[in-house]
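Below, each chain spelled out in residue letters.
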Amino acid sequence: GGRDTAGLGGKGGPYRLDAGHRVYQVSQAEKDAVPEEVKRAAREMGEKAFKQRLKEIQMSEYDASTYERFSGAVRRQVQSLRIILDNLQ
């Protein structure tokens, strides 16, 4: 699930099954077996990387949330347009 991920059931993202990409998923049992401290460390690493990327592109967290709000409103239309343009090429 999720959004803009390579996982099954997500919305958007570059590695979709319907685009012919092979997608592998870990079972829920394996996910549940990950210790809480590892999950917490992974979340912290992800947040740190996100903040670093925002810094690199000179964007604040407020800017990122505003961008996401506007981007999310037109995401389907943009995806449709990309498909149309790809087919025209």
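The shown structure was predicted, so the numbers you read here are calculated from the model rather than taken from an experiment.

Procedures and definitions
Residues numbered from 1 in each chain as written. Predicted model: local features only at pLDDT ≥ 70, side-chain atom pairs only at ≥ 80, totals over all residues. Heavy atoms only, no water. Helix = DSSP H or I, 4+ residues; strand = E, 2+ residues; numbered from the N terminus. Buried < 20%, exposed > 50% of the residue type's maximum accessible area, 1.4 Å probe, protein only. Contact = heavy atoms within 4.5 Å. Areas by Shrake-Rupley, 256 points an atom, 1.4 Å probe, with all protein chains shown as cover. Bend = angle between axes of the 7 residues up to and from the residue. Phe/Tyr/Trp six-rings, centres within 6.5 Å; stacked < 30°, edge-to-face > 60°. Lys NZ or Arg CZ within 6 Å of the ring centre and 35° of its normal. Salt bridge = Lys/Arg side-chain N within 4 Å of Asp/Glu carboxyl O.

Student: Tell me about the overall build of the protein chain, and name the residues and values.
Tutor: Tallying secondary structure elements over the protein chain gives three helices and zero strands in all. The order of helices and strands in the protein chain, counted from the N terminus, is α-α-α. Split into buried and exposed, the 89 residues of the protein chain put 9% on the buried side. Once local pairs closer than 6 in sequence are excluded, the contacts in the protein chain between residues at least 24 apart make up 10%. Summed over its atoms, the accessible surface of the protein chain is roughly 7,800 Å², and 56% of this surface lies on carbon and sulfur atoms.

Student: Outline helix H3 (residues 61-88), supporting the account with residue identities and numerical values.
Tutor: Along H3, the largest kink reaches about 55 degrees and is centred on Val74. Every buried residue of H3 is accounted for by Ala64, Thr66 and Ser71. Elements in contact with the buried residues of H3: helix H2 (36-56).

Student: Describe unusual backbone geometry, with residues and values.
Tutor: For Gln58, which is not a glycine, the phi torsion comes out positive at approximately 55 degrees. Considering the arrangement of structural elements, one finds Gln58 in the loop between H2 and H3.

Student: Provide a residue-level description of the packing of aromatic side chains, including the pertinent values.
Tutor: Here the structure, examined in full by the defined rule, presents zero aromatic pairs. One residue, Arg69, lies across the ring of Phe70, its end atom 4.8 Å from the ring centre.

Student: So what's going on with the pattern of salt bridges? Which residues, and what values?
Tutor: Within this structure, the stated rule accounts for five salt bridges. Between Glu36 and Arg43 there is a salt bridge, with the nearest N and O atoms lying 3.1 Å from each other. In this structure, Lys51 and Glu61 form a salt bridge, with 3.9 Å as the shortest nitrogen-oxygen distance. Placement of the pair is Lys51 in helix H2 and Glu61 in helix H3, with a sequence separation of ten residues. You can call Glu61 partly exposed: its relative accessible area is 49%. Connected through shared salt-bridge partners, Glu47, Lys51 and Glu61 make up one network.

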